[in-house]
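Each chain, letter by letter, is given below.
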Amino acid sequence: MAISARTTDRPAAIRQPVRNPYSALPNWLYPSFVVLALGAFAVYAVWVVFFQREGDYAPYLSPFDSPLIKVGSIPPGVWVAWAPFAFRLTCYYYRKAYFRSFFWHPRSCAVPEPGRRRYRGETVFPWVLNNFHRFAFYATVVQVAFLWFDAVVAFDFGGRFGFGLGTGLMVANVILLSGYTFGCHAFRHLAGGELDCFSCSRSARARFQLWRGITVLNIRHDRWAWASLASVLLTDVYIRALIAGALQDPRWIA
Ligand code: FES
């Protein structure tokens, strides 16, 4: 009798809902948010990159179009959007987010796979390409440098120093993008990885300090990821509203 009671109890125990030990929020909320937010951003980005030929409203420039490259009638975003796209697609945080939310594969740590699928990690095409994240980081650093240049130019109103709402958005955007980019796990590994001793030489000590600074950003890498995604969207929407004449830019010029 005791044996039969155990065998009937076990399936019921497996069907118990899995509780997230880190949050009291319902389990469906996070994956739903990820699907909606990333899905909406992806649709907007496709519209901008492939169908919008204008992204500048002097002295402002959309982050989708920086650096500005104009070749015939090809939308300028086509030449540059691949870098941040590859960077976010291969980002360690976003990988966790979209694997769990879009594919439910893997669904989470220590949670049974739906449909008895076997998780193979990122060992097969196309996911094995995620290992190129470090190279996407190099390309994105170059783009972030251009965005800092754009933010400085956004204070130049026809040769006079000034400040508008667009200036504030562009500065906030590049700060958030820098926090996201320079908190990258791959960059942290570049700075402090494969070092056996942090204090044995001047260069090791410099790398240790850099690693510590990157770690400050890296701890909240997910927040930087979402905040910078939102700031890219907001900055671009604002500049396009100016181009369309739907808004007036409040500004002060010396
Ligand atoms: Fe997220 Fe590199 S891990 S940007």
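Residues numbered from 1 in each chain as written. Predicted model: local features only at pLDDT ≥ 70, side-chain atom pairs only at ≥ 80, totals over all residues. Heavy atoms only, no water.

Chemist: Quick question: what am I supposed to make of the overall build of the chain here?
Modeler: Across its full length, the chain holds 10 helices and five strands. Taking all 254 residues of the chain together, the buried fraction comes to 37%. Considering only contacts in the chain between residues 6 or more positions apart, those separated by 24 or more positions represent 68%. Carbon and sulfur atoms provide 67% of the accessible area of the chain, an area that totals close to 15700 Å². (Helix = DSSP H or I, 4+ residues; strand = E, 2+ residues; numbered from the N terminus. Buried < 20%, exposed > 50% of the residue type's maximum accessible area, 1.4 Å probe, protein only. Contact = heavy atoms within 4.5 Å. Areas by Shrake-Rupley, 256 points an atom, 1.4 Å probe, with all protein chains shown as cover.)

Chemist: How should I be thinking about unusual backbone geometry in this particular structure?
Modeler: With the exception of glycine, most residues fall at negative phi, and the peptide bonds are largely trans. The residue after Ala58, namely Pro59, is reached through a cis peptide bond having omega 5 degrees. For Trp104, which is not glycine, the phi torsion reads 50 degrees and is therefore positive. Here Trp104 is to be found in the loop between helix H5 (92–103) and helix H6 (133–153). Here Glu194, not a glycine, exhibits a phi torsion of approximately 60 degrees, which is positive. Turning to its location among the elements, Glu194 is positioned in the loop between helix H8 (185–192) and helix H9 (202–218). Its relative accessible area of 75% is what places Glu194 among the exposed residues.

Chemist: Even after reading the chapter, I still don't get the nonpolar core, so can you show me in this structure?
Modeler: Burial of nonpolar side chains together is a common tendency in soluble globular proteins. If you look at the biggest cluster of nonpolar residues, it comprises 32 residues, and the most contacted ones within it are Phe64, Tyr93, Tyr94 and Trp226. Ranked by residues supplied to this core, first place goes to helix H2 (residues 29–51) with seven residues. In this structure Phe64 touches Phe41, Tyr44, Ala45, Val48, Val49, Gly77, Val80, Val232 and Asp236, once residues within four positions along its chain are discounted. Counting eight residues, the second largest nonpolar core, distinct from the first, contains Tyr60, Tyr238, Ile239 and Leu242. (Core = buried A, V, L, I, M, F, W, Y, C linked by side-chain atoms within 4.5 Å.)

Chemist: What is the right way to look at the layout of surface pockets in this model?
Modeler: Sizing a probe to match a water molecule and rolling it over the atoms shows the empty space that remains. Counted as a void, the second largest pocket has a volume near 810 Å³. Contributing to the lining of the second largest pocket are 33 residues, with Phe41, Ala45, Pro84, Phe85 and Arg88 lying nearest its centre. If you list the elements that add at least two residues to the lining of the second largest pocket, you get H2, helix H3 (77–80), helix H4 (82–90), H5, H6, helix H7 (165–181) and helix H10 (221–243). The biggest single contributor to the lining of the second largest pocket is H2, with eight residues. (1 Å grid on protein atoms, 1.4 Å probe; cavity = no way out; pocket = protein on both sides within 12 Å on 5 of 7 lines; lining within 4 Å. Points joined across faces, edges and corners; volume = space filled by probe spheres on them.)

Chemist: I keep staring at the pattern of salt bridges and nothing clicks. Help me out?
Modeler: It is possible for side chains bearing opposite charge to pair when their charged atoms get close. Within this structure, the stated rule accounts for six salt bridges. For the salt bridge of Glu54 with Lys70, the shortest nitrogen-to-oxygen distance reads 3.3 Å. Placement of Glu54 in the loop between H2 and strand S1 (56–57) and of Lys70 in the loop between strand S2 (60–61) and H3 is noted, with a sequence separation of 16 residues between them. Using a relative accessible area of 41% as the deciding quantity, one classes Glu54 as partly exposed. A relative accessible area of 48% places Lys70 in the partly exposed class. One salt-bridge network, held together by shared partners, links Glu54, Asp56 and Lys70. (Salt bridge = Lys/Arg side-chain N within 4 Å of Asp/Glu carboxyl O.)

Chemist: Quick question: what am I supposed to make of the side chain of Asp236 here?
Modeler: Among the secondary structure elements, Asp236 is positioned in helix H10. Overall, Asp236 belongs to the buried group, its relative accessible area being 0%. If we skip the residues at most four places from it in the chain, Asp236 touches Tyr44, Val48, Ser62, Pro63 and Phe64.

Chemist: What is the right way to read the environment of Ala37 from this model?
Modeler: The topology assignment puts Ala37 in helix H2. When the C-alpha atoms of Ala37 and Ala230 are compared, they prove to be 9.4 Å apart, with 193 residues separating the residues in sequence.

Chemist: Would you explain the packing of aromatic side chains in this entry?
Modeler: The relative placement of two aromatic rings is captured by the distance of their centres and the angle of their planes. Summed over all chains, the structure comprises 29 aromatic pairs. Arranged with centres 5.5 Å apart and planes meeting at 65 degrees, the rings of Phe87 and Tyr180 form a pair that is edge-to-face. Taken together, the residues Phe87 in helix H4 and Tyr180 in helix H7 connect sequence positions 93 residues apart. By the burial criterion, Phe87 is buried, and Tyr180 matches it. When the ring of Phe155 is compared with that of Phe161, the centres are 5.7 Å apart and the planes differ by 5 degrees; the resulting orientation is stacked. Of the residues examined, Phe155 reaches a relative accessible area of 23% and is grouped as partly exposed. Note on Phe161: relative accessible area 48%, which makes it partly exposed. (Phe/Tyr/Trp six-rings, centres within 6.5 Å; stacked < 30°, edge-to-face > 60°.)

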